[in-house]
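Below, each chain spelled out in residue letters.
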Amino acid sequence: MPAIRLRLSVGAAVLALVFSQTSFSQEGRLGAHLEGLLVAAREGNPEFASMQFEADAAAERVLPAGALPDPKFSMELRDITRMGERNPTLLPGRVGSTRYIFTQELPWFGKRGLKREAAELQAEAARGRVAGTWSELAAKIKTAYAQLYYLDQNERLTREILDLMARLEKVAQVRYASGLAAQQDVIRAQLEQTSMRNELIALEAERSQLQARLKALVGRPASEALATPERIRTLPASESMRFDVLEQRARASNPLLRTEESQIRAAEKNRELTYKNRYPDFAVGVSPIQYGKSVREWELMVEVTIPLQQDTRRAQEREAQAMLEAARSRREIATNQVLADLYENVAGLEAARRTLALTTESLLPQSELTYRSALAGYESGKVDFATLLDAQRQIRQAKLNQVKAGVAAQTRLADIERIVGEEL
């Protein structure tokens, strides 16, 4: 008995492990949940990867921007014929003298720091573009996922109505056989079923196209199968979706506004750097001179650039100022557009939320009540088959409107998150 119990326990454990692994594999299939699609997109979308590489490249420009130029070395062979007494030679120890020159260029005070700060701000702008690319990509994935959920729910509802119409056809046949209904009722029920089968074909084609688009966004092969979406996200509370609350978050976190702000600060640094070009740059050097096999002389050198081309510098300063004003104008344009899009989507989300509530709490129960009443009336001969079909279409349309309002709210939520730059 103990051995039998042991074998049973082991067998139960193995079965539990198999079923748990099967459930996990089904739950973990790509496409079942929005979170998995977003994780896959971060890892596989080539456009997002290219923007990350560009941001990495911009970050690597910071150190070189503030570094000193490489020192220079030169060598002069003097009097290679020794006053014409010997044949020409290139050996440093056999010419009249050899001069070695080491020089280092030194920019004016503060120029290196400004170049480094401008490069850091450009790197920050590149990171903002990465965030903007991700926000756009995530919004497209969220919208496509919601649309795919709508198609699956539409297909499920169509199949339910198709089964219902098959049952109604049987009811019509029974009534026709009893002489209580016309044969036209049976034919109309069959026509409705044919129409719904055509709708299923159209839905399947549209779902295939949408899945192909979603796989391209995620960065997966077109031949890979996607799981059926299981659920859409819960909408945030209305209090947290007020325009004044979201406006502050958008001003602080919107990737485009952050990028434009970095561009403005970089333009300010470039303007300061241009103003510093009014002052000279330097170069220092040391030069040992070799006679024969020994160094007998040393020279020190200082070079100073003379900023004589003032017209050129003033033009460069005006250019830098114009670029700064252009960056400020771009930020203002971006801010106005971001806030306009935010207001539009907040209003759209509120409208979708109210439509969803009205459909769920009022329209759908009324349609179901109308259908049950029409079905009972048709079975008792009080209403005709056309009235029953109209009631069936109303309940189907009500359910579709319910799903459509939920998907519309999800689309608005995705756009709001894209604008705000954060998950809500």
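Summarised in this report is the structure supplied together with it. Note that the structure is a prediction, hence the values are computed from the model and not measured.

**Considerations on the pairing of strand β4 (residues 294-304)**
Alright, step 1. Relative to β4, strand β3 (residues 282-291) runs antiparallel, the two being bridged by ten bridges. Across the sheet, residue Gly-285 finds its bridge partner in β4, namely Met-301.
Alright, step 2. What sits between the antiparallel neighbours β3 and β4 is a turn of two residues, in which Gly-292 has the positive phi angle 65°.

**Quick notes on unusual backbone geometry**
Alright, step 1. In this structure, Asp-79 is a non-glycine residue whose phi angle is positive, near 50°.
Alright, step 2. Along the polypeptide, Asp-79 turns up in the loop between β1 (72-78) and β2 (97-106).
Alright, step 3. Overall, Asp-79 belongs to the partly exposed group, its relative accessible area being 31%.

**Some remarks on the sheet that holds β2**
As a general point, the strands of a sheet are linked pairwise by backbone hydrogen bonds and lie either parallel or antiparallel.
Alright, step 1. Taken in spatial order, the four strands make up an open sheet running β1-β2-β3-β4, and their pairing is antiparallel. Each edge of the sheet is formed by a strand with only one pairing partner; in this case those strands are β1 and β4. Taken pair by pair, the neighbouring strands of this sheet meet at an average axis angle of 20°, ignoring direction.

**Some points on the nonpolar core**
Alright, step 1. Counting 53 residues, the largest nonpolar core has Ile-141 and Leu-214 as the members making the most contacts within it.
Alright, step 2. Residue assignment for this core shows that the elements contributing at least two residues are α2 (34-44), α3 (46-60), α5 (111-177), α6 (183-218), α9 (310-379) and α10 (385-420).
Alright, step 3. Element by element, the count of residues in this core is highest for α5, at 22 residues.
Alright, step 4. Residues contacting Ile-141, with those up to four places away along its chain left out, are Leu-34, Leu-37, Leu-38, Ala-41, Leu-214, Leu-217 and Val-218.
Alright, step 5. Residues Met-241, Val-338, Leu-342 and Leu-413 belong to the second largest nonpolar core, which totals 15 residues.

**A word on α2**
Alright, step 1. By the burial criterion, the buried members of α2 are Leu-34, Leu-37, Leu-38, Ala-40 and Ala-41. Along α2, the residues classed as buried sweep out an arc of 165° about the axis, all on the same side.
Alright, step 2. Elements in contact with the buried residues of α2: α5 and α6.

**What about the environment of Met-165?**
Alright, step 1. Along the chain, the position of Met-165 falls in helix α5.
Alright, step 2. Each C-alpha atom, one on Met-165 and one on Gln-392, is 8.9 Å from the other, the two residues being 227 residues apart in sequence.
Alright, step 3. Not counting chain neighbours up to four residues away, the residues in contact with Met-165 comprise Ala-189, Glu-192, Gln-193, Met-196, Leu-389 and Gln-392.

**Examining the packing of helix α7 (residues 243-253) against α10**
Alright, step 1. Look at α7 against α10: their axes get within 8 Å of each other, and the N-to-C directions meet at 50°. In terms of orientation, α7 and α10 fall into the oblique class. Of α10, the residues touching α7 (which contributes Leu-246, Arg-249, Ala-250 and Ser-253) are Ile-416, Ile-419 and Val-420.
Alright, step 2. Class assignment of the residues belonging to the contact of α7 with α10 gives a composition of five nonpolar, one polar and one charged.

**Focus: the environment of Tyr-343**
Alright, step 1. Tracing the chain through its elements places Tyr-343 in helix α9.
Alright, step 2. For Tyr-343 and Arg-330, which are 13 residues apart along the polypeptide, the C-alpha to C-alpha distance reads 20 Å.

**Details of the packing of α2 against α5**
Alright, step 1. Axis separation between α2 and α5 bottoms out at 10 Å; the angle between their running directions is 145°. With respect to the hand of their crossing, α2 and α5 are arranged in right-handed fashion. Taking contact as the criterion, the partners of Leu-34, Leu-37, Leu-38, Ala-41 and Arg-42 in α2 are, on α5, Trp-134, Leu-137, Ala-138, Ile-141, Lys-142 and Tyr-145.

**Points about the pattern of salt bridges**
Working definition: two side chains of opposite charge can pair if their charged atoms are close together.
Alright, step 1. Considering all chains together, one arrives at 31 salt bridges under this definition.
Alright, step 2. When the shortest N-O distance is used, the salt bridge between Arg-207 and Asp-152 registers 2.7 Å. Separated by 55 residues along the polypeptide, Arg-207 in helix α6 and Asp-152 in helix α5 bring together distant segments of the chain.
Alright, step 3. Since its relative accessible area comes to 8%, Asp-152 is described here as buried.
Alright, step 4. With a closest N to O distance of 2.2 Å, Glu-239 and Arg-242 form a salt bridge.
Alright, step 5. The class of Arg-242 is partly exposed, set by a relative accessible area of 33%.
Alright, step 6. When salt bridges with common partners are traced through the structure, they connect Asp-152, Glu-155, Arg-159, Glu-204 and Arg-207 into a single cluster.

What counts and what doesn't
- Residues numbered from 1 in each chain as written.
- Predicted model: local features only at pLDDT ≥ 70, side-chain atom pairs only at ≥ 80, totals over all residues.
- Heavy atoms only, no water.
- Pairing = 2+ DSSP bridges.
- Helix = DSSP H or I, 4+ residues; strand = E, 2+ residues; numbered from the N terminus.
- Buried < 20%, exposed > 50% of the residue type's maximum accessible area, 1.4 Å probe, protein only.
- Axes fitted to C-alpha atoms, helices over the stretch in contact; angles between N-to-C directions.
- Core = buried A, V, L, I, M, F, W, Y, C linked by side-chain atoms within 4.5 Å.
- Contact = heavy atoms within 4.5 Å.
- Arc of directions from axis to C-beta.
- Parallel < 35°, antiparallel > 145°, perpendicular 65-115°, else oblique.
- Nonpolar A, V, L, I, M, F, W, Y, C, P; charged D, E, K, R; others polar.
- Left-handed = near helix turned anticlockwise from the far one by under 90°.
- Salt bridge = Lys/Arg side-chain N within 4 Å of Asp/Glu carboxyl O.

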